[in-house]
Amino acid sequence: MERIIEEIREDLSRRLAVAADRLADRTLTEDPAYAALLGRAELRERIHHHLRQAVEGLVRSSRGLPLELADARATGALRAEQGLPLASLLRTYRRGGRLLWQTLTEAVAAHDRAALPRLLPGAPALWDVLDQMTDALTESYHRTEAVRADRDRERRAALLDVLLDGAAPAGGPTASEAAARLGLPERGRFAVVVVGSGGEGLSAGPAAAKAGASAPRVLWRIRGDGEIGLVELGHHPLESVRELLAPLGLRAGVSPVVGAASELAGAHRLAALALRTAPESGGPRTALLDERLPAALVAGQAELAGRLRQVVLGPVLALAAEDRRTLLTTLGTWLACQGSTTYAAQRLYCHRNTVSNRLRRLEQLTGRSLTDPRHVVELALAHAAVVQHAAAQHAAASQAAGPHAAGRASVVRQDAGEAPTPPAPRAGRTSPTPAGTARRSPRRPA
């Protein structure tokens, strides 16, 4: 093979130049990605160089020498950095290989047609050379693409941090600049969602919530304590965020709608507050802040929440564990049922009179009446403080003990008086209060 190439080298060189012109023209005509990236002169020179490298590789192979693949690797890395699709790059390489074989056969035929049979044994060697070059190029492309993707993720995470934390680094982009680089308008309709940690496959959770034409766009920021989503709502209602997360079964808090990128840091804080009010189990686990304002008020004031627990429910908390759990659960269920003792009894699987008796005892212990709206507000806020405090204790214990603490979650929630999951409503019922039952506090004994 080496002898044949030496005999036709001068003619082959001229023919390779013509082949490079033809392939460059075809590539620019048929591949928009190349046309947008390279001019004809540069592309033609790279193709010509590739063809010459393949010929030299064929010569080295015939001598039993290893191929020089540094140039192929450099080309793969360069095109990956430039963002040229790998499919475009490989398509041009394959066409170059076929064109090189055609050019070789034409040059040999022009020199000595009788020598064509001597060329045939070189075909497998040529394809092996081309395969090695293509493999080196592809491997280098993938390696560079992975580094580039990591760099892009880090850059995107840094831009999201500017928006979500509200603290741009010295000399870094402002909130408006960060929004522009992320493809977000400076003004619009935005919200922030915070997803709690602790669920298996959490990173795959929000990522699985695909945003399409019927869902808002979400930019996710993964952190050690959970995930944060910057939601560009557009024309979508805020409720669409809950619908997006509902199939995943994750605890999440959602901020109110804000109108500017500069307000996203505040929205992030409110979403984190909303997450602290999201139920651990039962019902929708995505809490919209505007629907949980009383509980969020308690969550945002840890010192006052502690006072609420002790001043309002202190006598109840001092009871034995079983009595404490019974009274707190009954109170939480009665509040969830909008003051209906009948429906609370259905949830608790006990008689209505049993609920009334428990609530009367709670009134006696706390000195507060369930017929006084001010006292009901105090009891509701204090109950929320107890539930949130127990949830925080469980989260801390779970983090310290790992998966072995997961089985105690329901016990902790029940001990704090979290209302049980309601049974499925009966057909035709539109209110949680059974027909003909008034919402009222338990009747005091005469």
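Residues numbered from 1 in each chain as written. Predicted model: local features only at pLDDT ≥ 70, side-chain atom pairs only at ≥ 80, totals over all residues. Heavy atoms only, no water.

### Here we look at the overall build of the protein chain
(1) Moving on: The number of helices and strands found in the protein chain is 18 helices and 6 strands.
(2) Moving on: Evaluated residue by residue, the protein chain yields a buried proportion of 44% over its 446 residues.
(3) Moving on: Put simply, 70% of the contacts in the protein chain that link residues at least 6 apart link residues at least 24 apart.
(4) Moving on: Surface accessibility of the protein chain: about 22700 Å² in total, with carbon and sulfur atoms responsible for 54%. (Helix = DSSP H or I, 4+ residues; strand = E, 2+ residues; numbered from the N terminus. Buried < 20%, exposed > 50% of the residue type's maximum accessible area, 1.4 Å probe, protein only. Contact = heavy atoms within 4.5 Å. Areas by Shrake-Rupley, 256 points an atom, 1.4 Å probe, with all protein chains shown as cover.)

### A word on the confidence of the model for the protein chain
(1) Moving on: Confidence in the prediction of the protein chain, expressed as mean pLDDT, is 83, and 84% of residues score 70 or more.
(2) Moving on: Counting contacts from residues 199-205, a segment whose pLDDT is below 50, to residues more than four positions away or on other chains yields 10 contacts.
(3) Moving on: Across residues 403-413, where pLDDT falls below 50, the model places 10 contacts with residues more than four positions away in sequence or in other chains. (pLDDT = per-residue confidence, 0-100.)

### Thoughts on the packing of helix 14 (residues 321-336) against helix 16 (residues 352-366)
(1) Moving on: Contact pair helix 14 / helix 16: the axes reach a minimum separation of 10 Å and the direction vectors enclose 105 degrees. Of the possible angle classes, the one that applies to helix 14 and helix 16 is roughly perpendicular. For the pair helix 14 and helix 16, the contacting residues are Asp-323, Thr-326, Leu-327, Thr-330, Leu-331 and Trp-334 in the first and Val-355, Arg-358, Leu-359, Arg-361, Leu-362 and Leu-365 in the second.
(2) Moving on: Classifying every residue of the contact of helix 14 with helix 16 by side-chain character gives 7 nonpolar, 2 polar and 3 charged. (Axes fitted to C-alpha atoms, helices over the stretch in contact; angles between N-to-C directions. Parallel < 35°, antiparallel > 145°, perpendicular 65-115°, else oblique. Nonpolar A, V, L, I, M, F, W, Y, C, P; charged D, E, K, R; others polar.)

### Let's talk about the pairing of strand 2 (residues 217-223)
(1) Moving on: The sheet contact formed by strand 2 and strand 3 (residues 226-232) spans 7 bridges and is antiparallel. Considered in strand 3, the bridge of Leu-219 is made with Leu-230.
(2) Moving on: If you look at the hairpin formed by strand 2 and strand 3, you'll find 2 residues sitting between the two strands. (Pairing = 2+ DSSP bridges.)

### Things to note about helix 3 (residues 40-62)
(1) Moving on: Taking 1.5 Å per residue as the helical rise, helix 3 with its 23 residues ought to reach 33 Å, and the 33 Å between its terminal C-alpha atoms agrees with that figure.
(2) Moving on: Residues of helix 3 that are buried include every one of Leu-43, Arg-44, Ile-47, His-48, His-49, His-50, Leu-51, Ala-54, Val-55, Gly-57, Leu-58 and Val-59, and no others.
(3) Moving on: Summarising the contacts, the buried residues of helix 3 are in contact with helix 1 (2-30), helix 2 (32-37), helix 4 (70-82), helix 5 (86-112) and helix 7 (122-165).
(4) Moving on: Of the residues flanking the end of helix 3, it is Gly-64, one or two places downstream, whose phi is positive at about 80 degrees. (Expected span 1.5 Å × (residues − 1).)

### Things to note about the pattern of salt bridges
(1) Moving on: Inspection of every chain in the model, using the stated rule, returns 28 salt bridges.
(2) Moving on: Between Arg-40 and Asp-21 there is a salt bridge, and its shortest N-O distance comes to 3.5 Å. Here Arg-40 is found in helix 3, whereas its partner Asp-21 is found in helix 1, with 19 residues between them in sequence.
(3) Moving on: Classification of Arg-40 by relative accessible area gives partly exposed; the value is 38%. (Salt bridge = Lys/Arg side-chain N within 4 Å of Asp/Glu carboxyl O.)

### What about the environment of Ala-168?
(1) Moving on: Counting through the fold element by element, Ala-168 comes out in the loop between helix 7 and helix 8 (175-181).
(2) Moving on: Since its relative accessible area comes to 42%, Ala-168 is described here as partly exposed.
(3) Moving on: Considered as a pair, Ala-168 and Ala-158 are 10 residues apart in the sequence and their alpha carbons are 9.2 Å apart.
(4) Moving on: Not counting chain neighbours up to four residues away, the residues in contact with Ala-168 comprise Val-162 and Pro-173.

### Points about the environment of Ser-176
(1) Moving on: In this structure, Ser-176 sits in helix 8.
(2) Moving on: Judged by its relative accessible area of 32%, Ser-176 falls in the partly exposed class.
(3) Moving on: For the pair Ser-176 and Leu-163, spaced 13 residues apart in sequence, the C-alpha to C-alpha distance is 8.6 Å.

### Here we look at the nonpolar core
(1) Moving on: Grouped together as the largest cluster of nonpolar side chains are 43 residues, with contacts concentrated most on Leu-89, Leu-100 and Leu-104.
(2) Moving on: Within the residue set of this core, elements represented by two or more residues are helix 1, helix 3, helix 4, helix 5 and helix 7.
(3) Moving on: With 10 residues, the top contributor of residues to this core is helix 5.
(4) Moving on: The residues contacting Leu-89, other than those within four sequence positions of it, are Tyr-34, Thr-75, Gly-76, Arg-79, Leu-84, Leu-137 and Tyr-141.
(5) Moving on: By size, the runner-up hydrophobic cluster in this structure holds 21 residues, among which are Ala-178, Leu-184, Leu-230 and Ala-271. (Core = buried A, V, L, I, M, F, W, Y, C linked by side-chain atoms within 4.5 Å.)

### Concerning the side chain of Thr-138
(1) Moving on: Relative to the helices and strands, Thr-138 is located in helix 7.
(2) Moving on: On the accessibility criterion, Thr-138 (17% relative accessible area) is buried.
(3) Moving on: Only 2.8 Å separates the side chain of Thr-138 from the backbone oxygen of Thr-134, close enough to count as a polar contact. (Polar contact = N/O pair within 3.5 Å; in protein donor to acceptor, adjacent residues only side chain to side chain.)

### A word on helix 4
(1) Moving on: For helix 4, built from 13 residues, the straight-helix expectation of 18 Å at 1.5 Å per residue is met to within 8% by its first-to-last C-alpha distance of 18 Å.
(2) Moving on: Regarding helix 4, the residues found buried are Ala-72, Thr-75, Gly-76, Arg-79 and Ala-80. End-on view of helix 4: buried residues confined to an arc of 130 degrees, all on one side of the axis.
(3) Moving on: If you follow the buried residues of helix 4, they end up packed against helix 2, helix 3, helix 5 and helix 7.
(4) Moving on: Phi turns positive, to about 85 degrees, at Gly-83, one or two residues after helix 4. (Arc of directions from axis to C-beta.)

### A look at the pairing of strand 1 (residues 187-196)
(1) Moving on: Burial of strand 1 is extensive: 7 of the 10 residues sit out of reach of the surface.
(2) Moving on: One ladder, built from 2 bridges, connects strand 1 with strand 5 (residues 258-260); its direction is antiparallel. The residue of strand 5 that forms the bridge with Phe-190 is Val-258.
(3) Moving on: In terms of strand pairing, strand 1 meets strand 3 through 7 bridges, oriented antiparallel. Bridged to Phe-190 within strand 3 is Glu-232.
(4) Moving on: Direction of pairing for strand 1 relative to strand 4 (residues 252-254): antiparallel, over a ladder of 3 bridges. If you follow Val-194 over to strand 4, its bridge partner there is Gly-253.

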